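The residues making up each chain are set out below.
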Amino acid sequence: MRGPAPRLPALPALLWLALAPLPGPAARAELRVRVRLPGGQVTEESLQADSGADCVSLELRAADGALVTLTADFRQEVKIFRALILGELERGQSQFQALCFVTRLHRNEIIPSESMAKLRQKNPRTVRQAEEVRGLEHLSMDVAVNFSKAAQLSPHIHNVCAEAREAIYTREEDVKFWLEKGVDGSMFEVLPQGSALPELQRCRRCPDRWRPCMCSYSLSIEWYPCMLKYCRSRDAAGKVSSYKCGIRSCQKGYTFHYYVPQKQLCLWDEEA
């Protein structure tokens, strides 16, 4: 059942949580939200939740045309970023280039899948901006993930990273966490590091397009539900109780640093 009607107009959140129970033991839901990008452009972001699989995904097109996806697998404590980057055909690249970055999912980074599945919009035409901007995170992706073995890490990797099977990266510190959980270590391969190879340059400074180098790629999740909001109500007897009444939205940027066997795979990372 929905909560008492007088509560809804007072909610400060841009989205509110429908209080009706989910249809059945598990539910899938999709929400489309209009989001303003840093340059002022407006894009549509898709948010999907599957409470049965205990995962959520967010997808949006960045200002440069790249299609960015974030998948949060709560069951396996895995977070998957995928970027489909438009290729530079005149420079010998394919139509698009796919990258996948896999990291540990920590608690309270994003609202639970069951709560995401209940989200409803008050005004679908509103252009959203995040209430909180979380700091830019720099991540050294020093380990490659074998696509054919990655289903054990998360079953979503096979679907999300199918186009990026030769470009799936993670971090050694996250690998240690997953190994302690019993994940097969043979799916991981440590990549060459700049600290161990002084001649390995940053791609932006590398003059030869066919030499190995350290690439950087940045992406941003412009709007996502990062926390639940709770409101209080008082019954006829004066007893106070709390209920979920909305969400807090966040924006967060990431820069990934990783090894590539040739600069041709990192043409966006060049000196201006």
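The coordinates are above.
Residues numbered from 1 in each chain as written. Predicted model: local features only at pLDDT ≥ 70, side-chain atom pairs only at ≥ 80, totals over all residues. Heavy atoms only, no water.

1. As for the sheet that holds strand β13 (residues 188-190)
Then step 1. Strand order in this open sheet of 10 strands is β9-β2-β3-β4-β5-β6-β7-β12-β11-β13, and the pairing throughout is mixed. Edge positions in the sheet fall to β9 (127-128) and β13, since each has one partner strand and no second.
Then step 2. Pairing between strand β11 (residues 143-145) and strand β12 (residues 168-170): 2 bridges, direction antiparallel. Bridging from a neighbouring strand, Val143 pairs with Thr170 of β12. (Pairing = 2+ DSSP bridges. Helix = DSSP H or I, 4+ residues; strand = E, 2+ residues; numbered from the N terminus.)

2. Notes on the state of the cysteines
Then step 1. If you walk through the whole model with that rule in mind, you get 4 disulfides.
Then step 2. With its sulfur 2.0 Å from that of its partner, Cys215 forms a disulfide with Cys266. What sets the handedness of the Cys215 and Cys266 disulfide is the S-S torsion sign, and at about 85 degrees it is right-handed. Here the residue Cys215 occupies a position in strand β14 (residues 213-234), and Cys266 occupies one in the segment after β15 (240-260), the gap between them amounting to 51 residues.
Then step 3. We classify Cys215 as buried; its relative accessible area is 0%.
Then step 4. Its relative accessible area of 0% is what places Cys266 among the buried residues.
Then step 5. The side chain of Cys226 participates in a disulfide bridge whose partner is Cys250; the two sulfur atoms lie 2.0 Å from each other. Between Cys226 and Cys250 the sulfur-sulfur dihedral comes to about 60 degrees; the bridge is accordingly right-handed. Taken together, the residues span a long stretch of sequence, with Cys226 in strand β14 and Cys250 in strand β15 at a distance of 24 residues. (Disulfide = S-S within 2.5 Å. Buried < 20%, exposed > 50% of the residue type's maximum accessible area, 1.4 Å probe, protein only.)

3. A few points about the sheet that holds strand β10 (residues 132-140)
Then step 1. With mixed pairing, 3 strands are arranged side by side in an open sheet as β10-β15-β14. What marks the edges here is a single partner per strand, and that holds for β10 and β14. The mean inter-strand angle of the sheet, taken between neighbouring strand axes irrespective of direction, is 20 degrees.
Then step 2. Of the strand pairs in this sheet, β10 and β15 are connected by 7 bridges, and their pairing is parallel. By the bridge assignment for β15, Glu137 is matched with Tyr254. (Axes fitted to C-alpha atoms, helices over the stretch in contact; angles between N-to-C directions.)

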